Amino acid sequence: MADKKRFTSSRKLDHLRICAEKAVESGDTGFGDVRLVHNALPECDMRSIDLSTRFLGHTLSSPLFISAMTGGHPGTKETNARLARIAERFGLGMGVGSQRAALENPKLADTFSVVRDEAPHAFLVANLGAVQLRDHGTEWAREAVEMIGADAIAIHLNFLQEAIQPEGDHNATGCLAAITELCAETKTPVIVKETGCGISREVARQCWGAGARAIDIGGWGGTSWAAVESVRAGESRNAQDRPLKSLGEDFADWGIPMVVSLAEVVGTGSPVIASGGIRTGIDLAKSLALGADLCGMALPLLKPALESDEALADRIGTIHRELVGSMFLCGTSRIADLRAARLYITGKTRQMLKGAKTA
C-alpha cells in the first residue's frame, strides 16, 4: 500500500511537469467556426462593463474559473498556493486537482488545504475521480470537501486516461450509481466533470438525472491526457509500459470538440462550465454566448503559476481585457447580456451539430 501511495503522488508531479514542458495539446475546439456578431453601435461604456456572475448561489467577480491542475505531491504545494492567492485577489472560482493522493496519504493533505488558507473567501471545488468514488464511497467525497473547505465537489470522468495509463482502472461499471448516491446523500453541490474528451447530450442527461448540480464539459481541443500518458509511457523504464506510448498517440484525436460538446450539453440543462482548449478572453466570450455559465482554464495559467504571482496576475488581467473588449464590441455590458449575443457557427462545427442524431 505504501508503494501505491508513493506512486499516486509521484504521478501527480509527472503530470505537472509534462504539462508545463511538453506539447500536450491536441485537436480543434471549434472556436474558429464561431464568430460573434459585431455591433457597430455598441451604445455602452467599456469602462463600466461588469464581469460579475452567479454560479451555484455564489457571486464571482468573473466567469473565468481556474480549473483543476495539481496537488498531491509536496512539490505542488506552492503552485496551488499561488493559484489560490490569485483566485482570492481576483474573486475567481478555483478547482483543485484530484485529491486521491491525499486521501490515500493524509500527510499530503496540506498540498490541497493550502488553497483555503490562501483563499478564505473564494469559491473552491474539491475533486475526486468517479472510480475512487465508486470504490471508496461517499466518505471519501466528504473527506475531500472537508480537506479544502470546498463549496462544491467535482467528480471527474477520465476514462480515456484510465484506458492508456499502465496503472489505469479499466472497469467503469457502477460509476453512475455512485454519483447518484453521492448526489442524494450530500448537501454539497456535485459537479460532473470530463477531463478532455467532452460530454455528449446523452451523458449530460444521465448526469442531470443522477442529481448533478452542474456539468463541466471538459471538451476535446485542449490538454490531451492521452498525449500526457503517451509521454509518461515513453519515459518509463518499464519495457511493458512503452507500447502504451503509441496507444496514447492513437487516441490523441478521440473526443467531442469543445464547442460541439458545449452546444449539446447546454441544450439539456444548466449550469454548465465550458472547458477544454479555452485560451483567450475572446474564447470566453464565445463560450458564454454559446450558453456557458463559467469558463475553465488550466494549461494557459500553469506556466505563469509556476513562475510568480505577478506573472499569473498579468495573464489573468490580459484574459479579462480580452473579454471586456469582446463584450464592448458585442454591445453588452453584463455577462447575462453576452449570453444572449448573436453569433454565427460555420464549418465542421456546424456540420457536426446538424449531423448529430437526436437521442
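Here, the structure is the one placed above.
As a starting point, this report considers the structure included with it. Owing to the predicted nature of the structure, the values given are computational and were not obtained by experimental measurement.

## Some remarks on the sheet that holds strand 4 (residues 64-66)
Alright, step 1. Taken together, eight strands build a closed barrel; the order of strands is 4-5-6-7-8-9-10-11 and the barrel is parallel. Across the sheet, the mean angle from the axis of one strand to that of its neighbour is 25 degrees, orientation sign disregarded.
Alright, step 2. Helix-sheet contacts for helix 12 (residues 258-266) involve strand 9 (214-216) and strand 10 (272-275), and the interaxial angle to strand 10 is about 175 degrees.

## Concerning the side chain of Ser200
Alright, step 1. With respect to the helices, strands and loops of the structure, Ser200 is situated in the loop between strand 8 (190-194) and helix 9 (201-210).
Alright, step 2. The residues touching Ser200, leaving out its near neighbours within four places in the chain, are Ile256, Glu264 and Val265.

## Observations concerning the nonpolar core
Alright, step 1. In this structure, Met94, Ile148, Ile153 and Ile155 are the most contacted members of the largest nonpolar core, which totals 96 residues.
Alright, step 2. Examining the composition of this core, we find that eight residues originate from one element, helix 15 (residues 309-330), more than from any other.
Alright, step 3. Contact partners of Ile155, with chain neighbours within four places excluded, come to Leu128, Gly129, Ala130, Leu133, Ile179, Leu182, Val190, Ile191, Val192 and Lys193.

## Remarks on the packing of helix 2 (residues 77-90) against helix 14 (residues 299-307)
Alright, step 1. Two numbers describe how helix 2 lies on helix 14: the axes approach to 9 Å, and their chain directions differ by 105 degrees. Overall, the two elements helix 2 and helix 14 adopt an arrangement that is roughly perpendicular. Contacts between helix 2 and helix 14 pair Thr79, Arg82 and Leu83 from the former with Pro304, Ala305, Leu306 and Glu307 from the latter.
Alright, step 2. The residue makeup of the contact of helix 2 with helix 14, split by class, is four nonpolar, one polar and two charged.

## Quick notes on unusual backbone geometry
Trans peptide bonds make up the majority, and among non-glycine residues the majority have a negative phi.
Alright, step 1. Ser270 connects to Pro271 through a cis peptide bond whose omega is 5 degrees.
Alright, step 2. Positive phi values are uncommon outside glycine, yet Glu43 reaches one of about 50 degrees.
Alright, step 3. On the secondary structure map, Glu43 appears in the loop between strand 1 (34-36) and strand 2 (53-55).
Alright, step 4. Positive phi values are uncommon outside glycine, yet Leu56 reaches one of about 50 degrees.
Alright, step 5. Topologically, Leu56 is positioned in the loop between strand 2 and strand 3 (58-60).

## Brief notes about the packing of aromatic side chains
Alright, step 1. Under the counting rule described, the total for this entry stands at two aromatic pairs.
Alright, step 2. Aromatic side chains Phe55 and Phe123 sit 5.8 Å apart centroid to centroid with 85 degrees between the ring planes, which places their arrangement in the edge-to-face category. Taken together, the residues span a long stretch of sequence, with Phe55 in strand 2 and Phe123 in the loop between helix 4 (110-118) and strand 6 (124-129) at a distance of 68 residues.

## A short note on the pattern of salt bridges
Alright, step 1. Within this structure, the stated rule accounts for 17 salt bridges.
Alright, step 2. Linking Asp45 and Arg47 is a salt bridge whose minimum nitrogen-to-oxygen distance equals 3.2 Å.
Alright, step 3. Since its relative accessible area comes to 31%, Asp45 is described here as partly exposed.
Alright, step 4. A residue is classified by how much of its surface remains accessible, and Arg47, at 77% relative accessible area, is exposed.
Alright, step 5. Taking the shortest distance from any N to any O, the salt bridge between Arg201 and Glu264 comes out at 3.9 Å. With a gap of 63 residues between them, Arg201 in helix 9 and Glu264 in helix 12 connect regions that are remote in the sequence.
Alright, step 6. Residue Arg201 is classed as buried on the basis of its relative accessible area, which comes to 15%.

## Regarding the layout of surface pockets
Alright, step 1. Counted as a void, the largest pocket has a volume near 940 Å³.
Alright, step 2. Around the largest pocket sit 50 residues that line it, and His15, His156, Gln161, Thr195 and Trp225 are the ones nearest its centre.
Alright, step 3. Breaking the lining of the largest pocket down by element, the ones donating at least two residues are helix 1 (2-21), helix 3 (100-104), helix 5 (130-136), helix 7 (159-164), strand 8, strand 11 (294-297) and helix 14.
Alright, step 4. The element best represented in the lining of the largest pocket is helix 1, accounting for eight residues.
Alright, step 5. What the second largest pocket holds in volume is close to 320 Å³.
Alright, step 6. In terms of lining residues, the second largest pocket is bounded by 15 residues, among which Leu157, Phe159, Cys175, Val203 and Gln206 are the most central.

## Notes on helix 2
Alright, step 1. Compared with the 20 Å implied by 1.5 Å per residue over 14 residues, the 20 Å span of helix 2 between its first and last C-alpha is a close match.
Alright, step 2. Listed as buried for helix 2 are Thr79, Asn80, Ala81, Arg82, Leu83, Ala84, Ile86 and Ala87.
Alright, step 3. In the segment just after helix 2, Gly91 is the residue with positive phi, at about 70 degrees.

Reading guide: rules and limits
- Residues numbered from 1 in each chain as written.
- Predicted model: local features only at pLDDT ≥ 70, side-chain atom pairs only at ≥ 80, totals over all residues.
- Heavy atoms only, no water.
- Pairing = 2+ DSSP bridges.
- Helix = DSSP H or I, 4+ residues; strand = E, 2+ residues; numbered from the N terminus.
- Axes fitted to C-alpha atoms, helices over the stretch in contact; angles between N-to-C directions.
- Contact = heavy atoms within 4.5 Å.
- Core = buried A, V, L, I, M, F, W, Y, C linked by side-chain atoms within 4.5 Å.
- Buried < 20%, exposed > 50% of the residue type's maximum accessible area, 1.4 Å probe, protein only.
- Parallel < 35°, antiparallel > 145°, perpendicular 65-115°, else oblique.
- Nonpolar A, V, L, I, M, F, W, Y, C, P; charged D, E, K, R; others polar.
- Phe/Tyr/Trp six-rings, centres within 6.5 Å; stacked < 30°, edge-to-face > 60°.
- Salt bridge = Lys/Arg side-chain N within 4 Å of Asp/Glu carboxyl O.
- 1 Å grid on protein atoms, 1.4 Å probe; cavity = no way out; pocket = protein on both sides within 12 Å on 5 of 7 lines; lining within 4 Å.
- Points joined across faces, edges and corners; volume = space filled by probe spheres on them.
- Expected span 1.5 Å × (residues − 1).

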